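The primary structure of each chain is shown beneath.
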Amino acid sequence: MTTTAVTHIASLVTNDPSLGNGTPLGLIQDAAVVIDGDRIVWTGESSKAPATDNVLDAAGRAMIPGFVDSHSHLVFAGDRTQEFNARMSGQPYTAGGIRTTVAATREASDEQLSANVAHYLAEALRQGTTTLETKSGYGLTVEDEARALRIASRHTDEVTYLGAHVVSPDYADDPAGYVDLVTGPMLDACAPHARWIDVFCERGAFDGDQARAILTAGRAKGLHPRIHANQLTYGPGVQLAVELDAASADHCTHLTDADVDALGQGDTVATLLPGAEFSTRATWPDARRLLDAGATVALSTDCNPGSSFTSSMPFCIALAVRDMGMTPDEALWSATAGGAAALRRTDIGRITPGARADLVLLDAPSHVHLAYRPGVPLVGAVWRGGQRVE
């Protein structure tokens, strides 16, 4: 293997408080990073960088860890432009729109679905996302959910079984029967292809008791829980997530003081998805309230064809800073180290010796430009596992 040094980095975000300026971002000015194979082996001041086989001069640009997008729904077919257009004309979002995508996804071929996943992963990679979780949930039959997970697992290691997205239209008159399917034959078929299990715990989808049964069954099969919680209304999702040691409670828009306290005291990450609020004109999550309570916060895109059709983590950072009470430093940490925490990973989301060499070089002198210059394509180069891919 050959070693490569990236030198003269104006501002390096390591996400290691023991490095640099001692803040959570662990900023090092005029820095260098050394890559050996797929790992980072050295970080520090550029003037102290060891000799390497190759050298790349960053020329005063900033470097950050690759974004970790811990919540997306990429195995789908079809388009919901008309639904979005209607909603922007005053029609509120409801969970029912998912069924439109279910019909299109069931009709699509494996090749079409796989090509879609590859397309959106490449789109995200160009914008600096080097790790991306994605879910099933648009099949809602045993065969279609297992198919979705097989396809997803060809493209990413972070795969989530979401048979409990909504009650299948085939079981519209028998939701209890659908829960039995999700926790029985569907789980048996899907568990070998997934790492996680998720449920949409929400009015119009699954209540607290149903969600507990689904997540508990998944955990018994070796899948770790995550949960769509408290997006549209106040509900039991967050408390259930903490009770079951879920890796993340995602959305967290409508929270009681007890919900905030539970997240602040537990290990469950509060994953905020500002693209959904942007695309539905809904109430913004209050990130400041969560951070002040000591909760670990992640930012993610929720990329899906209905309520948040964006793959851009920089866009979500800008929204979080503008509308959710986060500082630029907090938003970047949440989009990198926070996402890694939501996936219970320690090898990504940071630039420190031993971490995977997932790096983003910005065409800007500081990470603050991600919020300061919203909508501007600032990603100049991307490395994933030590390989330059963009």
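Computed from a prediction, not measured in an experiment: that's the story for all the values here.

Attention shifts here to the overall build of the protein chain. For the protein chain, the helix and strand inventory stands at 14 helices and 18 strands. Relative to its length of 390 residues, the protein chain is compact, with a C-alpha radius of gyration of 21 Å against a globular reference of 21 Å. If you line up the protein chain on its principal axes, its C-alpha atoms span 70 × 45 × 45 Å. Put simply, the protein chain has 390 residues, and 57% of those count as buried. Sequence separation of at least 24 residues holds for 69% of the intrachain contacts in the protein chain that already meet a minimum separation of 6. In the structure as shown, the protein chain presents an accessible area of about 14600 Å², 50% of it carried by carbon and sulfur atoms. Charge-centre separation for the protein chain: the mean point of 29 positive side chains lies 2 Å from the mean point of 47 negative side chains.

Volume-wise, the largest pocket comes out at about 240 Å³. Forming the boundary of the largest pocket are 13 residues, of which T130, T131, L132, H155 and T156 lie nearest the centre. The set of elements that each furnish at least two residues to the lining of the largest pocket consists of helix 3 (110-126) and strand 7 (129-132). Counting residues per element, the lining of the largest pocket draws most heavily on strand 7, which supplies four residues.

Now for the packing of aromatic side chains. Overall, the coordinates contain seven aromatic pairs when judged by the stated rule. Taken together, a centroid distance of 5.6 Å and an interplanar angle of 25 degrees make the contact between F76 and Y120 stacked. Taken together, the residues F76 in the loop between strand 6 (67-69) and helix 1 (81-88) and Y120 in helix 3 connect sequence positions 44 residues apart. Among the residues examined, F76 registers a relative accessible area of 1% and is labelled buried. Aromatic pair Y171 and Y178: ring centres 5.6 Å apart, planes at 50 degrees, arrangement tilted. According to the relative accessible area criterion, Y178 is buried, its value standing at 0%. One aromatic cluster is present, formed by F76, Y120, Y138 and F309 through successive ring pairs. Here the basic side chain of R226 rests over the ring of W196, its NZ or CZ set 4.4 Å away from the ring centre.

As a further point, take the pattern of salt bridges. Inspection of every chain in the model, using the stated rule, returns 22 salt bridges. Here E83 and R80 are joined by a salt bridge, their closest N and O atoms 2.8 Å apart. Among the residues examined, R80 registers a relative accessible area of 6% and is labelled buried. Note that D358 and R356 form a salt bridge whose closest N and O atoms lie 2.7 Å from each other.

Quick look at the environment of T14 now. Relative to the elements of secondary structure, T14 occurs in the loop between strand 1 (3-12) and strand 2 (28-36). C-alpha of T14 to C-alpha of I64: the two residues are 50 residues apart in sequence and 7.0 Å apart in space. In contact with T14, other than residues within four places in its own chain, are L19, L25, G26, I28, R350, I351 and T352. Separated by 3.1 Å, the side chain of T14 and the backbone nitrogen of D16 make a polar contact.

For any two helices packed against each other, the geometry comes down to the angle between their axes and how far apart the axes lie. Put simply, helix 5 (residues 175-183) and helix 7 (residues 208-220) touch, their axes get as near as 9 Å, and they point 15 degrees apart. On the basis of the axis angle, helix 5 is roughly parallel to helix 7. Handedness of the crossing formed by helix 5 with helix 7: right-handed. Side by side, helix 5 and helix 7 meet where P175, V179, V182 and T183 of the first sit next to Q210, A213, I214 and A217 of the second. Here the contact of helix 5 with helix 7 is built from residues that sort into six nonpolar, two polar and no charged.

Side chains of strand 16 (residues 359-362) alternate between two faces, with L359 and L361 and V360 and L362 buried alike. Two elements, strand 5 (residues 62-65) and strand 16, share three bridges in a ladder whose sense is antiparallel. Bridging across to strand 16, P65 finds its partner in L359. Bridge count for strand 16 against strand 17 (residues 379-384) is four bridges, and the pairing is antiparallel. Its bridge partner lying in strand 17, V360 is registered against V382.

Our focus in this paragraph is the state of the cysteines. Summed over all chains, the structure comprises zero disulfides. Its sulfur unpaired, C316 is 9.3 Å from the next cysteine sulfur, which belongs to C303.

The next subject is the pairing of strand 14 (residues 269-272). Taking every second residue as pointing to the same face, both faces of strand 14 are buried, with V269 and T271 on one and A270 and L272 on the other. The parallel pair strand 13 (residues 248-251) and strand 14, bridged by helix 9 (residues 257-265), forms a crossover whose chirality is right-handed. As judged from the three bridges shared by strand 14 and strand 15 (residues 297-299), these two strands associate in the parallel manner. By the bridge assignment, T271 is partnered in strand 15 with A298.

Glancing now at helix 4 (residues 142-153). Counted at 1.5 Å a residue, the expected span for helix 4 with its twelve residues is 16 Å, and the 17 Å between its end C-alpha atoms agrees. Regarding helix 4, the residues found buried are D144, E145, A146, R147, A148, L149, I151 and A152.

Reading the values: the criteria
Along every chain, residues carry numbers that run from 1 in the direction the sequence is written. Side-chain atom pairs in this predicted model are given and counted only at pLDDT of 80 or more, local residue features only at pLDDT of at least 70, and totals for whole chains, interfaces and linings cover all residues. Think of the side-chain values as coming from all heavy atoms in the structure, minus any hydrogens and water. Secondary structure elements are defined from DSSP: runs of H or I of at least 4 residues count as helices, runs of E of at least 2 residues count as strands, and each element is numbered from the N terminus. To get the radius of gyration, use the C-alpha atoms; to get the globule rule, take the number of residues to the power 0.38 and multiply by 2.2 Å. Note on exposure labels: buried denotes an accessible area under 20% of the residue type's maximum, exposed denotes more than 50%, and partly exposed covers the range between, all computed with a 1.4 Å probe on protein chains only. Contact definition: two residues touch when any of their heavy atoms are within 4.5 Å. Each accessible area value is a Shrake-Rupley result obtained with a 1.4 Å probe; residue values ignore everything except the protein chains displayed when judging cover. Counting rule for charge: Lys and Arg are taken as positive, Asp and Glu as negative, and neither His nor the chain ends is counted. Charge coordinates come from a single atom per side chain, which is NZ of Lys, CZ of Arg, CG of Asp or CD of Glu. In this analysis the probe radius is 1.4 Å and the grid spacing 1 Å, with only protein atoms considered; a cavity is a set of points the probe fits into but cannot get out of, a pocket is an open set with protein on both sides within 12 Å along at least five of seven lines, and lining residues have an atom within 4 Å of a point. Grid points are joined across faces, edges and corners, and a volume is the space filled by probe spheres set on the points. Only Phe, Tyr and Trp rings are paired, with Trp represented by its six-membered ring, and only when their centres lie within 6.5 Å; those with planes under 30 degrees apart are stacked, over 60 edge-to-face, the remainder tilted. In this analysis the charged atom, NZ for Lys or CZ for Arg, is taken to sit over a ring once it is within 6 Å of the ring centre and within 35 degrees of the ring normal. Throughout this description, the term salt bridge denotes a Lys or Arg side-chain nitrogen within 4 Å of a carboxyl oxygen of Asp or Glu. As used in this structure description, the phrase polar contact means that two N or O atoms lie within 3.5 Å; if the pair is within protein, one of them must be able to donate a hydrogen and the other to accept it, and residues adjacent in sequence are counted only when both atoms belong to side chains. Lines fitted to C-alpha atoms define the axes, with helix axes restricted to the stretch in contact, and inter-axis angles between N-to-C directions lie between 0 and 180 degrees. Each angle is binned into one of four classes, with values under 35 degrees roughly parallel, values over 145 roughly antiparallel, values of 65 to 115 roughly perpendicular, and all other values oblique. Two helices cross in a left-handed way if the nearer one is turned anticlockwise from the farther one by less than a right angle. They cross in a right-handed way if the turn is clockwise. Following the grouping adopted for this structure description, the nonpolar residues are Ala, Val, Leu, Ile, Met, Phe, Trp, Tyr, Cys and Pro, the charged ones are Asp, Glu, Lys and Arg, and the polar ones are all others, Gly among them. In this analysis, strands are considered paired if DSSP registers two or more bridges between them. Pairs of cysteine sulfur atoms within 2.5 Å are what we label disulfides. Orienting the strands away from the viewer, one traces the path from the first strand over the helix to the second; a clockwise path indicates a right-handed crossover. Each residue after the first adds 1.5 Å to the expected span of a helix.

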